[in-house]
Each structure stands twice: as structure tokens, then as C-alpha cells.
Amino acid sequence: MSETGNRLRKLLESPNFDPQNYVKQLSQQSDGDRDLQEHRQKIQNLADETAQNLKKNVYKNYRQFIETAKEISYLESEMYQLSHILTEQKSIMESITQALLSTDKDETSKEMQAAFPKETEELKQRTLTSLLEKVEGGKNIMDTPGRHLVYNGDLVEFDVDNMSPIQKVHAFLMNDCLLIATWLPNRRGTVKYKYNVLYDLESFAVVNVKDNPPMKDMFKILMFPDSRIFQAENSKIKKEWLEILDETKKNKVTKDHHKKEEEAPTSPIRAEVSTNPFDQEDEEPSVSGESVDLGLEWIQELPEDLDVCIAQRDFEGAVDLLDKLNEYLKDQPVTQRVKELRLKVDERVRQLTEVLVFELSPDRSLRGGPKATRRAVSQLIRLGQSTKACELFLKNRAAAVQTAIRQLRIEGATLLYIHKLCNIFFTSLLETAKEFEMDFAGNTGCYSAFVVWSKSAMRMFVDAFSGQVFDSKESLSTAAECVKVAKEHCRQLTEIGLDLTFTLQSLLVKDIKAALLSYNDIIIEATKHRNSEEMWRRMNLMTPEALAKLKDEMRGCGIGGFEQYTGDDCWVNLSYTIVAFTKQMMSFLEEGLKLYFSELHMVLLESLREIILVAVQHVDYSLRCEQDPEKKAFIMQNASFLHDTVLPVVERRFEEAVGKPAKQLQDLRKSTKPVRINPESTTSMV
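Analysis parameters
- Residues numbered from 1 in each chain as written.
- Predicted model: local features only at pLDDT ≥ 70, side-chain atom pairs only at ≥ 80, totals over all residues.
- Heavy atoms only, no water.
- Helix = DSSP H or I, 4+ residues; strand = E, 2+ residues; numbered from the N terminus.
- Buried < 20%, exposed > 50% of the residue type's maximum accessible area, 1.4 Å probe, protein only.
- Contact = heavy atoms within 4.5 Å.
- Areas by Shrake-Rupley, 256 points an atom, 1.4 Å probe, with all protein chains shown as cover.
- Patch = residues over 30% accessible without salt bridge, like charges linked within 9 Å, V, L, I, M, F, W, Y side chains within 5 Å.
- Salt bridge = Lys/Arg side-chain N within 4 Å of Asp/Glu carboxyl O.
- Polar contact = N/O pair within 3.5 Å; in protein donor to acceptor, adjacent residues only side chain to side chain.
- Core = buried A, V, L, I, M, F, W, Y, C linked by side-chain atoms within 4.5 Å.
- pLDDT = per-residue confidence, 0-100.
- Phe/Tyr/Trp six-rings, centres within 6.5 Å; stacked < 30°, edge-to-face > 60°.

Now for the overall build of the protein chain. A count of helices and strands for the protein chain gives 24 helices and 10 strands. Here the protein chain, with 686 residues, has 37% of them falling under the buried criterion. Intrachain contacts of the protein chain at a sequence separation of at least 6 include 66% that bridge at least 24 residues. Of the accessible surface of the protein chain, which amounts to about 40500 Å², a share of 52% is contributed by carbon and sulfur atoms.

As a further point, take a nonpolar patch on the surface. Together, Met79, Leu82 and Leu86 line one region of the surface with nonpolar side chains, adding up to about 300 Å² of accessible area. Here Met79 shows up in helix α4 (residues 62–100).

Okay, the side chain of Arg348 next. By the element assignment, Arg348 lies in helix α13 (residues 336–359). Aside from chain neighbours lying at most four places away, what touches Arg348 is Pro303, Leu306, Asp307 and Ile310.

Let's shift gears to the side chain of His601. By the element assignment, His601 lies in helix α22 (residues 601–625). For His601, a relative accessible area of 10% translates into the label buried. A distance of 2.8 Å separates the side chain of His601 from the side chain of Tyr596, its partner in a polar contact. Ignoring any residue separated from it by four or fewer positions in sequence, one finds His601 in contact with Tyr596, Phe654, Val658 and Lys660.

Here Gln666 shows up in helix α24 (residues 663–671). Beyond its immediate sequence surroundings of up to four residues, Gln666 is in contact with Glu651 and Pro661.

With 123 residues, the main nonpolar core has Phe461 and Phe465 as its most contacted residues. With 12 residues, the single largest contributor to this core is helix α23 (residues 629–658). Beyond its immediate chain neighbours, meaning those up to four positions away, Phe461 contacts Leu421, Cys422, Phe425, Phe426, Ala486 and Leu504. Of all hydrophobic cores here, the second largest spans 19 residues; its members include Leu155, Ala171, Val197 and Phe219.

What follows concerns the confidence of the model for the protein chain. The pLDDT averaged across the protein chain works out to 79; a share of 86% of its residues lies at or above 70. Low confidence marks residues 266–289, where pLDDT is under 50. Its contacts with residues over four positions away, or in another chain, come to 10 contacts. Every residue in residues 675–686 scores below 50 in pLDDT, and together they form 26 contacts with partners more than four places removed in sequence or on other chains.

With that settled, consider the packing of aromatic side chains. For the structure shown, the criterion picks out 21 aromatic pairs. Ring plane angle 85 degrees and centroid distance 4.9 Å describe the contact between Tyr151 and Trp241, whose orientation is recorded as edge-to-face. With Tyr151 in strand β2 (residues 149–158) and Trp241 in helix α7 (residues 235–263), this pair connects stretches of sequence that are 90 residues apart. Each member of the pair, Tyr151 as well as Trp241, is classed as buried. When the ring of Phe461 is compared with that of Phe465, the centres are 5.8 Å apart and the planes differ by 40 degrees; the resulting orientation is tilted. You can see Phe461 and its partner Phe465 sitting in helix α17 (residues 447–469), 4 residues apart, about one turn around the helix. In terms of burial, Phe461 and Phe465 fall into one category: buried.

Given below as C-alpha cells:
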């Protein structure tokens, strides 16, 4: 920039700049309109340069901004999941502490029960019974002995996706379950609510939702794989819900733990009383089972080590420990101590399986493609859960494919969008197939599930494809190009032995048939309209360039020997109607062949036959009605062009593309063979 421009920039950027004084001084110093125009141009140049610099600064790191935003979103999801895991770990640690300290509490509670036997429990049960009388469909809830009310209150349920209010509910927290009831708009007597769902306390986790005005005083209930969000009336009630839910869940865990401890010593006695003669064979290993050495340090610490591995997400280490234990106990007798150890280990296996299942759930981050699931899938297979691993892997990939399709921006050009859609879908399908083959190489029984999944994924693709190509009423040429692109991508799957071409064709046949018939009607209407205005005059293209262009078009359509119908200068010895019909029909033939497959054979043939028949009938009618010998000879020349030049090209092109003769078209040509006639005659076709 020049020195004058720099001075002007500094002046405009100064904090004490006053526009009115600046304009006043400028008008006093200028000699006339020319100076003002020059100064205006300088300011305009400076404004353009500033705008350009701003635009460069915006786009300089545009891609980094987008990637950063995505990473923030992913990290937010990961932090939420980490928070949930930490909350669960905290709950487990607190329940263990509660179990260790529960002995003293039990003694105190026994003393209280001795002083006031069952008075409190009966009062709570009576309260719950009176409340449940107001719930439609809740009469059977009190059938469980010992169930009583802990807490209840009104809540508002919100949609998890868009955070919009759904309905008003009333929640009943009992000592072993949580009942959600919806409000009845039309109350009947004492009934105010309608039964919605009953959750076992062990089947869900409670997570606090951070206040984000106007969304506040909310908490979330997680039930794999779903979740629900509720809003309390105020922060105090929300806090009470969270604390009482947490305390009730802990009390249930403690109660179940004591119940198991009380039942454990009685199990050997029941075994001794058994009268089953076959039980003697099962008890024999227990006699010699005392020789099983379970005092090894790694076996004693195995349950705790498994807990640590699960908490640290060391899935491979946890499965390695399980394999080591199974190998050690493989040839050992099943004693009571072994059974107790198995019970402890089985509980850890269940927890490990739940964590691995959650890793493969669609709610998790879908980044990394199919390879990101390999770790969880391989460990589930090692745990003997190959069927579940297969099901979850395919669900995860279906969600990833669906998300990728939804995130694809719809471009103005349909063909460009279809190229991107096919690239995303078939690349994902190919990667999924390769990963599936690698993960489930030793489980051939799962391959049928992958084939079924592939067909369902193809339906998802066809829904998006048809919605953009056929529902938007694109031209037949555009639809043909889009289908051609999809077929080419589909053939890429044959390199891994997966051929979905037939599935793609069967899903598209209805839309393609409708498109062909619709375009067939358009051509027939256009042909009839041109026929109504037919004057049977030679074409005059006015310029040699236009004539050369027409020859190239006919040559491109496959019409050979068109030069014999061109006269001197720029005249063509054919009518405009016949030439336009020829170009339109040949274009329809080429687009139809791009869309062709065996199910559409008769549809395409009948469409071509109907189109040709309209032109032939018009020529035949004109020959019979025309009285002028010269015009009749000209019409005969057009008829000969249709019969001897155009129809053979259509038949030959169809047979080359399809591989079988077009019998209907051959029959039509034979039945409409023109006859060399006397110009005075009114007979035209055989």
C-alpha cells in the first residue's frame, strides 16, 4: 500500500477519530468534485482491502475450527461417559463400605424392631396402598411382599434429543423399584395417574444433569441402551430425589448381600437331604475336592484384580486372568470352595460383559470406523459371547452408516450428492466387511448375520438414494447416471465375495419402472403435440454450422447414412417432427439401457413400442389423408427413414446392450412395412 494509504489507515484506526470533523476538513481542503472522488476511491480501496483481509483471517484456519468443534463435541461425550463410570465406581466403593459397617446398624435396627414391631413397615405399606389406588393399572404392584413406599413426587419428563417437555409424571420410589406414572387428562374418580413403567433399582443408574438455564433442576435415569430426563420442581426437591435414590439403591444392595450370606450355609445341608440317587455321583468329587489348592496368591486376589482391570478398562488383562483361572480349574474337581469362587468370578464376568456391551453400543462415539470396535469385539468372543458380539458390532456399524448419511450435506447438483453418498456408503460397507471377516474369522456361523445386515443397510442407502433421485422428479438422464454410479460402486463389493447387485436392483425396480413409464408418457405427449402441428415441410437449418451439428447428433445416436437425407445448402429432406422424434426416442433408448436389468425388460420394450407406434400411426394417417402428390411422396420418404433407418438401429442397439433380440420391435417393424405406392393411391402401410 502507498504512503498516502498508510496515513489514511492510521487516521481511520485512531481512537479519537471523528467522522464529522474529518468530512468537514476534507470538504474545506478539496478543490472540487474531482478531489472528493479521488479521496472516495482511496477510502473504498481501503475498505475492500480490509474486507479481503478479514475474509482471509476467517478462512485461514477454517478447517481447524471445524475439527476443533468436532473434537470438543467428542470430548464432551467422552467426559460424560467418564463421569458416569466414576459415579458407578463411587457407588460401588460406598456400597462396600456400607456393607462393612452394616453389622452395627443391623443390631440397632433389630432393637428398634423389637420395641416397635412392624409398625413402621405397615404404615409405609398402607401409605403406598392408598397412593397406588390413584394409579390406573397399578393394583398388582403390592403383590410383592415387603414392598413399601420410600418417596414420591411430581416430575416433568423432557425429550433426551431436543430437551423439549414431553409430559408430566408422578414417580413412586419403593424399597426395590421405581414406578413412573403419567397424569390422566380426564380423571375418573380417585384415579389421577396411569401406569407407565416399573424399573428395578438395579437396572438403572442416576446421573445429575448440570444446570444450563433455562434447563435446570434435572436428573437423568440411564437404562441401557435408553435414558430418560426428568425435571424437579426446584433445586431442593431435585437434591432430595438424588440423595434418596442413591440411599435406597445402597440399602437394597446391602439387604441382598446379607440375604446371600444367610442362605450360603444352608446349601450343603439341603444337598445332604437330597433323595436323588444321581446326586451321589455329583457329590463324589467334593470328597476328593479338598486337594484343590485355592490358596495361591493370584487366585485369592483374582476377584479384586478383575475389579481393578474393569475399572481401568484393561479388558485384555481381565480376560487373560479368566483364561488363566479356567485353565487351572479345567481338570480339577468341583468342590464347594470352587463353586463359591466361580460365583464371585461369574459376577465379575457379568460386569465385564456389560462394560464391553456398552463399548459397542451406538450411544458411544462412532469415531475410528470399524477398527475402533475390534478391542471390545475380540474380548467378547474370548468370553464366549460371539453371537452377542456379532449383533452389537453390526448395530454399531449400522448406526455409524446412518449417521454418516444424515450428516451428508445435500448439494444443489443431484449427481454430485449421489457420488458422495455412494462413496460414503459403499466404502463403509467394504470396511465393515473386511473388519467383520478379520474379527469373526473363526465363527463362520455369524456370516449369515452379516449378509442379512448388508441387505438392511442397502435398504437404508436406497431410501436416501430414491428420496434424492426419484422423489425430486429429476430427469431420466440424471436418474440413469445416478443408477449407473450406484451399480459401479456395488460391483466393488465383489472383491470380498459380497454381491449385492441383485438386492440393489430389487429395491430400485419400483422407482425405475415408475420413472420409465412417466418419461414414456412425456415423450408420447410431446410427439402428439408436434404431430398436431405437422406441415410436412423440409427442414431449413439456415446455416452450415447448424447442419453439421445435426449430422453429429445423428451420428452420436447411431443413425448412419444420414447424409443421404441432406440436400443442397442447409436443407434436410425430412420433416422437423420426424427428426425431433428420432433424437428424443434414441435418447430415451440410451437412458433406458443404462437403467436396464432383467425385471425391466418388458417395461422398456413396451415403452419403446408405444413411442414408435405413435409416430408410425401419424405417418400412416398423413399418407391416407394427404391429396397432394408431392407432399405424399415427401411423407413416404419420412416413413422410409423411420422404417429402414431408425427402427433397425433401435433393434440393433437394444440387442447389443441386453444380449437378446427385441422381438416385439421386430414384429412392429414387419407389420408397418411401407409400400412403394402410386402418389394417387390412398394406401400407405401393410
